[in-house]
Amino acid sequence: MSATDPRLVVVVLRGAMDGLAVLQPYGDANLPGLRAPLCKPQPGASGGLFDLGGFFGLHPLMPKLAGMYQDGQAIAFHAIGGPYRTRSHFEAQALMESAAGITNASPDGFLNRMLAYVPDGPSVEAGLAVGNTAPHVIRGPEDYGGISKADLDRPPSSLMLRVAEFAALSERPFWWGLVDEALQARLYAWGVTGSFIYSPTQFVAEAQQAAMLLARDDGPRVAALDLVGWDTHARQNEVLPEMVTQLDAALGALRDGLGAAWAHTAVFVISEFGRRAAANGAGGSDHGTGGAAFLVGGAVDGGRVIADWPGLGAGQLYAGMDLDISTDYRAVLKGVLAEHMGFDAAEVEATLPGTLGLSAVSGLFT
Amino acid sequence: MTPYDTLARFGYGPRLGEPLPTDSMAWILNQVWVPEPAPAGKSTRDVLMDHKKDKLNLAGFDGMIAVNISADREGWAKHRLATRQGYIARLVDFWMHHFSVGGGGHVITMKGAFEREAVWPNVLGRLDDMLRAGLTHPAMLMFLDNDSNIGPTSQTALAWATSNPTKPPKGRNENLARETLELYTVSPGPADAPHYTHADITAVADILSGHTVALTVEPFGYEFHAADHEPGVKLVMGETYMPGPDALPALIDVLAHDHRTLWHIARKMAQYFHDDSAPPSLVSSLYAALSSAGNNLECAAIVLYTAAAGMALTPPVSKYKSPQDLVLSFARACGANPEHRQTVARVVSALGQLGQPLWAFGQPNGWPVTADEWASTEGTARRLDWVYTWAKWYPTLDPRAVAQVALGPHAPPELLAAFDGDAGPEEVASLREALTLIACSAEFMHR
């Protein structure tokens, strides 16, 4: 083991991140017609996007990630997804995390399979599951370590809205009244205090702890985190800010906490699928297909967006309604395993079975 | 009443992996007739001896005090998670709530022993025995300051006045006397026709004087100090009591049979178990059971169920859960393992996180029992937080199975539909969120 061992962190965003909002293709002329209410102002305007190369813009509440992009340490992917086309969260997450292909998710995750080829430290497992339960992506027969924190977590607003929705259907109005008040109180507080309230969350604390461990010369090398709450069917403009703010703060915490080891780190941020191109009637967006992903870290040859853009025109949308997929996330993972982790072809195939015919996205690292 | 409603309302709810009983009445009667014993734990004497050892340890090691407190709390939670006799345990909780022994110091270390020694043995016994055991237990005597209740003309008070002429005299402490009448037995009664006067309280205090606790010497427990006892005949609500230790059991016997005590207890039970409004017909049935059956709590326990089961429940589940109800019922619905120490400890801390820390009653009148008292904006938000937090410990459960156990016949079809992989945009986005929606449904928040 040495200080310069490669580190890999996978962050799973559960609930389907809206790639069209987080990595907004502001240069696509079809965008405003589909989802003007969900769009942020153009780069340069007040409260506008961070420009990533003239066509895509990063959500304005992600200054840390924008900084990493500026520093050449972040690659953004768009129109990315898996080989599967299900719109079920459970099914898609299981397929993505097990990298099983189109159907039949396996109980072990791809990070667990790769642990077979990453040496353990003298007193610590190479794998680290962050949070109080291990994400599927790292579960499996290979042993891994874990860290957790015992405070109360706070449900994301999208989930609180869902609780209120079901409470409203009940014959017992008492609970609905309580939930509605609690929800209003929290949305109000978040509205007033803005991003301040989003930062001291469990997820950011988890990222800080993970960074401390990964930074050590004799620490773990592969970690899995997950963040629930991206299912923005309603009031997306109120719900999404807390999610992107947490993600941005967590990425910043990883960079700061890893210190010198950041130069040997890659963080892959993925979600099970994207969201519908058009906004829905509830100020949100429904389940879609192609989405966005990020690869960040000091080891990454960043400052670019990789997207073979399918377009948002009438004839270009998948099934007539979704952004299509032009990049398989497993192709990116193949590049990460080969070029960053130093896996040979057999190890890559054992980690990502059935991908021999899939060309890796190469040249992702300096 | 369906087996689901019976377990939810009269127990702590069904447990994942355990089938519901087929016959609700048999479930009640089997445990009333063949109740399981109290969970194991140290006696009052043992915890007081441990307390003394810790305090004598000059290194300042408070090991056994803390160990005993957590062992009692975890024993409580372990029993509630596992028990198939939820009704008995809930009756025990009712009497713990009735006495609401709070406070710190030595009392904290004796709360588990209080439940095991004063409440469990009498929960299906006689009301007079229950009140006697509760009011004279060392935890109660310390909690309401009866250890400093000295008869104003007792030997102790007179000797003190002679040797300390410049200091304030020793005398009555009416705390336990007042609560004995107000909370534990007859209750104050209407303002224009109160059940008792201040003179009655004073007389009860004098009867209680001398009933105290040997904290640091043998017998490490209840003890009568004749020198602290107020001499003379006492008059309480028209009854006379001779001086001496036997006046207290005689007084409790009279109070336990007083019809005002029986109405008070009947009303509290109806409100605690059945409905915030304490329906008069249920209160009357309970009063009749307590008065005609010679103070028999077993009879009251059966009548409480049969009378409540015979009443229409509209809406079908109408008692808003306390934090304790919520934590235990959700933990059981997830199949929480009672042998897993961390799980049990999490249950104990959850009670504190939601504002109902175990046995830490803020007031002698106990925890709130009505929906309006528990309703608060932040309290609601904390419930959602806790449920969401708890849900992450169970990442592999089938949400449909948990919904079946947790909600029984009240599971809303819209909720079940959201756990279907073909639900499209309505599908719940993760297992953790699915469990959260189950426990945060209006149906689950009521019992």
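Note: the structure precedes this text.
Not measured: the values here are computed from a predicted model.

**Points about the overall build of chain B**
- Check the secondary structure of chain B and you find 22 helices and 4 strands.
- Here chain B has a C-alpha radius of gyration of 24 Å; the compact-globule value for 447 residues is 22 Å, and the two agree.
- A principal-axis box enclosing the C-alpha atoms of chain B has dimensions of 85 × 60 × 40 Å.
- Counting the 447 residues in chain B, one finds 57% classified as buried.
- Contacts in chain B between residues at least 24 apart in sequence constitute 71% of all its contacts with a sequence separation of at least 6.
- For chain B, the accessible area works out to roughly 16,700 Å², and carbon and sulfur atoms hold 58% of it.
- Seen as two clouds, the 35 positive and the 48 negative side-chain charges of chain B have centres 5 Å apart.

**Re the interface of chain A and chain B**
- Each side of the interface is counted separately: chain A has 43 residues, and chain B has 46 residues.
- Note on chain A versus chain B: buried area summed over both sides is about 3,800 Å², and carbon and sulfur give 66% of it.
- Here chain A and chain B share 3 salt bridges between them.
- The interface formed by chain A and chain B includes 5 residue pairs in polar contact (both at pLDDT 80 or more).
- Broken down by secondary-structure element, the contributors of at least two residues to the side of chain A that touches chain B are α4 (89–98), α6 (157–169) and α7 (173–193) of chain A.
- Classifying every residue of the side of chain A that touches chain B by side-chain character gives 17 nonpolar, 11 polar and 15 charged.

**Some words on α6 of chain A**
All names here are of chain A.
- With 13 residues, α6 should reach 18 Å at 1.5 Å per residue; the first-to-last C-alpha distance of 19 Å fits that figure.
- Of all the 13 residues making up α6, 10 are buried; the element is thus mostly covered by neighbouring parts of the structure.
- Within α6 the residues assigned to the buried category are Ser 157, Ser 158, Leu 159, Met 160, Leu 161, Arg 162, Val 163, Ala 164, Phe 166 and Ala 167.

**Some thoughts on the pattern of salt bridges**
- One pass over the full model with this rule turns up 36 salt bridges over all chains.
- Measuring nitrogen to oxygen at the nearest pair gives 2.4 Å for the salt bridge that ties Asp 322 of chain A to Arg 87 of chain A. Residue Asp 322 of chain A is found in the loop between β11 (304–306) and β12 (327–328), and its partner Arg 87 of chain A is found in the loop between β5 (74–81) and α4; the two are separated by 235 residues along the sequence.
- Given a relative accessible area of 0%, Asp 322 of chain A falls into the buried group.
- The exposure class assigned to Arg 87 of chain A is partly exposed, which follows from its relative accessible area of 24%.
- Put simply, Asp 129 of chain B and Arg 132 of chain B hold a salt bridge, and the shortest N to O gap is 2.9 Å.

**Here's the deal with the environment of Glu 117 of chain B**
Residues and elements named next belong to chain B.
- Following the sequence through the fold, Glu 117 ends up in helix α6 (residues 106–119).
- Each C-alpha atom of the pair Glu 117 and His 137 lies 8.3 Å from the other, and the pair is 20 residues apart in sequence.
- Contacts of Glu 117, omitting those with residues within four sequence positions, involve Ser 43, Thr 44 and His 137.
- Polar contacts involving the side chain of Glu 117 include one to the side chain of His 137, which spans 2.8 Å.

**Brief notes about the sheet that holds strand β3 (residues 50–52) of chain A**
- Taken in spatial order, the 3 strands make up an open sheet running β2-β4-β3 (chain A), and their pairing is antiparallel. What marks the edges here is a single partner per strand, and that holds for β2 (23–24) and β3 of chain A.

**Some thoughts on the side chain of Arg 447 of chain B**
Residues and elements named next belong to chain B.
- Here Arg 447 is to be found in the segment after α22 (431–439).
- Taking relative accessible area as the criterion, Arg 447 reaches 3% and is therefore assigned buried.
- Side-chain polar atoms of Arg 447 contact the backbone oxygen of Phe 273, separated by 3.4 Å.

**Observations regarding the packing of aromatic side chains**
- One pass over the structure, following the stated rule, counts 24 aromatic pairs over all chains.
- Taken together, a centroid distance of 4.9 Å and an interplanar angle of 75 degrees make the contact between Phe 174 of chain A and Tyr 320 of chain B edge-to-face. Highlighted residues: Phe 174 of chain A in helix α7 and Tyr 320 of chain B in the loop between α15 (297–309) and α16 (323–333), drawn from two different chains.
- On the basis of relative accessibility, which here comes to 25%, the residue Phe 174 of chain A falls in the partly exposed class.
- A relative accessible area of 3% places Tyr 320 of chain B in the buried class.
- The cationic tip of Lys 321 of chain B hangs over the ring face of Phe 444 of chain B; the distance from NZ or CZ to the ring centre is 3.5 Å.

**Quick word on unusual backbone geometry**
- Residue Pro 219 of chain B is bonded to the preceding Glu 218 of chain B through a cis peptide linkage, with omega at 10 degrees.
- Checked against the element boundaries, Pro 219 of chain B lands in the loop between β1 (211–214) and β2 (221–224).
- For Asn 104 of chain A, which is not glycine, the phi torsion reads 55 degrees and is therefore positive.
- Mapped onto the secondary structure, Asn 104 of chain A falls in the loop between α4 and α5 (110–114).
- Exposure remark for Asn 104 of chain A: the relative accessible area of 69% places this residue in the exposed category.
- The phi angle at Ala 319 of chain A is positive, at roughly 55 degrees, despite the residue not being glycine.

**Quick look at the packing of helix α20 (residues 399–407) of chain B against α22 of chain B**
All names here are of chain B.
- Running from amino to carboxyl end, α20 crosses α22 at an angle of 15 degrees, the nearest separation of the two axes being 10 Å. Taken together, the axis directions place α20 and α22 in an arrangement best described as roughly parallel. With respect to the hand of their crossing, α20 and α22 are arranged in right-handed fashion. Residue-level inspection shows Pro 399, Val 402, Ala 403, Ala 406 and Leu 407 of α20 in contact with α22, the latter providing Leu 431, Ala 434, Leu 435 and Ile 438.
- Residues belonging to the contact of α20 with α22 are distributed by class as follows: 9 nonpolar, no polar and no charged.

The rules behind the values
Residues numbered from 1 in each chain as written. Chains lettered and ligands numbered in written order. Predicted model: local features only at pLDDT ≥ 70, side-chain atom pairs only at ≥ 80, totals over all residues. Heavy atoms only, no water. Helix = DSSP H or I, 4+ residues; strand = E, 2+ residues; numbered from the N terminus. Rg over C-alpha atoms; globule rule 2.2 N^0.38 Å. Buried < 20%, exposed > 50% of the residue type's maximum accessible area, 1.4 Å probe, protein only. Contact = heavy atoms within 4.5 Å. Areas by Shrake-Rupley, 256 points an atom, 1.4 Å probe, with all protein chains shown as cover. Lys, Arg positive; Asp, Glu negative; His and termini not counted. Charge placed at Lys NZ, Arg CZ, Asp CG, Glu CD. Buried area = accessible area lost by both parts, 1.4 Å probe. Salt bridge = Lys/Arg side-chain N within 4 Å of Asp/Glu carboxyl O. Polar contact = N/O pair within 3.5 Å; in protein donor to acceptor, adjacent residues only side chain to side chain. Nonpolar A, V, L, I, M, F, W, Y, C, P; charged D, E, K, R; others polar. Expected span 1.5 Å × (residues − 1). Pairing = 2+ DSSP bridges. Phe/Tyr/Trp six-rings, centres within 6.5 Å; stacked < 30°, edge-to-face > 60°. Lys NZ or Arg CZ within 6 Å of the ring centre and 35° of its normal. Axes fitted to C-alpha atoms, helices over the stretch in contact; angles between N-to-C directions. Parallel < 35°, antiparallel > 145°, perpendicular 65-115°, else oblique. Left-handed = near helix turned anticlockwise from the far one by under 90°.

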